[in-house]
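# An overview of the molecular structure
Take a look at the letters that make up each chain.
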Amino acid sequence: MSKVPADLKYTKTHEWLRTLADGTIEVGITDHAQHALGDLVFVEVPETGRAVKAGEPCAVVESVKAASDVYSPVTGEVIAGNSALAGAPETINTDSYGGGWLMRVRPVAGGPATELLTPAQYEKLQQEEGD
Amino acid sequence: MGRQTPLFQLHRELGARIVDFGGWDMPVQYSSQIGEHHAVRRAAGVFDVSHMCVIDLKGVRVRPFLRTLLANDVDKLVRPGKALYSCMLNESGGVIDDLIVYYLADSWFRVVVNAGTRDKDLDWIRQHAREFDVSVLERTELAMLAVQGPEARTKAAKLLSRVGAATALELDTFVGREIDGWFVARTGYTGEDGFEIMLPASDAERVWHELNALGVASCGLGARDTLRLEAGMNLYGNDMDEKTHPFESGLAWTVAMEPRDRNFIGRPALEAVKAGGGAARKLVGLLLEDRGVLRSHQKVVVPGQEAGEITSGTFSPTLERSIAFARVPSAAGLQVQVDIRGKLLNARVVKPPFVRFGQALVR
């Protein structure tokens, strides 16, 4: 069973969200997602300052097997992409909820967001997808 | 649920991720695809290739039959046990399948064809075998293991009798023979030394465990694909199919146009290509110079020429950059660009193989 930290929120498309102290949101892909992708070999993160919309593809993670889009869970402005992943994409395999974060977004106040799942709901989704 | 090899339960027990491959439930990886890849380049790995289809062809006229059926010439096979790689073409010169053929005895040859093309291959072979009175027997009772890597032969030989081991270790490249009830051949699809072993299905699980105990890593089809692409070996369905002929698939070296009086199926179509000035397209190796991963069906932009297309692409664990095969206009030069999600990235045309015997051949 993949790890699902209790202090995060999740999306149906296997991103996780962490709300930081300053109200910005850190986004990555879940342990379940990295496991399904296999060894990651290439990551493309959005540039700082880019405006993203909820549900819009804004990063790409590629394993040996396949390329996969990562969707922004909120509408807002990218304030940082994790440039360290360019030289070490495997960090997502080893530390998907920590060093493997992809981007930080400052959400538009009251702006749209994709449907977010609680840890329990996300665990249920994983089971339905046969984790 | 697809077809399963005799090792399916063992793959499950070993924690493999199972995927559909040509109608078969096959292990794509056990733990890490890159780890399995490196195990084969640096030591030894074992693959279950029992899904591949082994067909025995017997009859007094089996040699003339194969000289008609195959684009390569089995008359190159003079010593029993010797193997040959060949395409099997349709009348238009398109590739029905690629295969390995073994000369076992004057009236007995064995071919190994791809799993995904089994049905059409058997139909085609049977259809043409009739007029040569050649019997076509699929050997479904055999399992097949590929043990590959610099340490593969010495480790696999430990499973044989003393005499059998000595015999196996003396096999020349691309030669196979019956040893201790198994058919052991010094062949493979990884660019490393090793054996492909056909053995009774009932032996397969025990042999896999024994190989693991000797330090031979369980490897899935994921690593098999990155290894074969590094080794510059084509994959049927990706790099060639019935709509492409060998000359535009990097396979001219497998077509025996001499002697000229050998009328193999597809020959007139290939003669016409030659008479028309040669193939309009060619299959080349690409090395991505920018960061990213080449994938099949990406568009290749060629200066002053029509666009080409990636046929197989991956991240190369040995080179730590992306490599591919691409079909491009024959006049293409050495520098091209690949459209990856709307961005044009630079790639260099190189001559495969990319890697052989653990060594990078391009940089």
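Not measured: the values here are computed from a predicted model. (Residues numbered from 1 in each chain as written. Chains lettered and ligands numbered in written order. Predicted model: local features only at pLDDT ≥ 70, side-chain atom pairs only at ≥ 80, totals over all residues.)

Below, the discussion takes up the nonpolar core. By size, the foremost hydrophobic cluster in this structure holds 79 residues, and its most contacted members are Val101(B), Phe109(B), Val111(B), Met144(B), Leu145(B), Val147(B) and Ile197(B). Take this core: its biggest share by element is eight residues, from strand β6 (residues 95-105) of chain B. Apart from residues no more than four positions distant in its own chain, Val147(B) is found in contact with Ala44(B), Val46(B), Ala152(B), Ala156(B), Gly194(B), Phe195(B), Ile197(B), Leu211(B) and Val216(B). Leu8(A), Ile34(B), Leu229(B) and Phe325(B) belong to the second-largest nonpolar core, a separate cluster that totals 54 residues. (Core = buried A, V, L, I, M, F, W, Y, C linked by C-beta atoms within 7 Å. Buried ≥ 20, exposed ≤ 12 C-beta atoms within 10 Å, placed from the backbone. Helix = DSSP H or I, 4+ residues; strand = E, 2+ residues; numbered from the N terminus. Contact = placed C-beta atoms within 7 Å.)

This part is about the interface of chain B and chain A. Facing the twelve residues of chain B at the interface are eight residues of chain A. Taken together, the residues of the side of chain B that touches chain A sort by class into three nonpolar, seven polar and two charged. (Nonpolar A, V, L, I, M, F, W, Y, C, P; charged D, E, K, R; others polar.)

A word on the packing of helix α2 (residues 33-42) of chain B against helix α8 (residues 221-230) of chain B. Residues and elements named next belong to chain B. Viewed as axis vectors pointing N to C, α2 and α8 meet at an angle of 55°, and their least axial separation amounts to 8 Å. When the axes of α2 and α8 are compared, the pair comes out oblique. Seen from above, α2 lies across α8 with right-handed handedness. Two secondary-structure elements touch here, α2 through Gln33, Glu36, His37 and Val40 and α8 through Gly222, Ala223, Thr226 and Leu227. (Axes fitted to C-alpha atoms, helices over the stretch in contact; angles between N-to-C directions. Parallel < 35°, antiparallel > 145°, perpendicular 65-115°, else oblique. Left-handed = near helix turned anticlockwise from the far one by under 90°.)

Once that is clear, we can look at the sheet that holds strand β13 (residues 217-219) of chain B. Residue and element names in this part refer to chain B. Strand order in the open sheet formed by six strands is β10-β11-β12-β9-β3-β13, with mixed pairing between adjacent strands. Both edges of this open sheet fall to β10 (176-179) and β13, since each of them pairs with a single strand only. Within the sheet, the average angular offset between the axes of one strand and its neighbour, ignoring direction, is 25°. Across four bridges, the pairing between strand β3 (residues 45-48) and strand β9 (residues 142-148) is antiparallel. In the sheet register, Gly45 faces β9, and the bridge partner there is Gln148. Contacts from α2 reach β3, β9 and β13, with the element oriented near 120° to β13. (Pairing = 2+ DSSP bridges.)

Residues and elements named next belong to chain B. In terms of burial, strand β14 (residues 281-288) is largely enclosed, as seven of its eight residues are buried. Note: β14 against strand β19 (residues 343-350), four bridges, orientation antiparallel. Each bridged residue has a counterpart across the sheet, and for Gly285 the counterpart in β19 is Val350.

For chain B, the mean per-residue pLDDT works out to 97, and 100% of the residues sit at or above 70. For this predicted complex, the interface confidence reaches an ipTM of 0.87, while the overall pTM sits at 0.95. (pLDDT = per-residue confidence, 0-100.)

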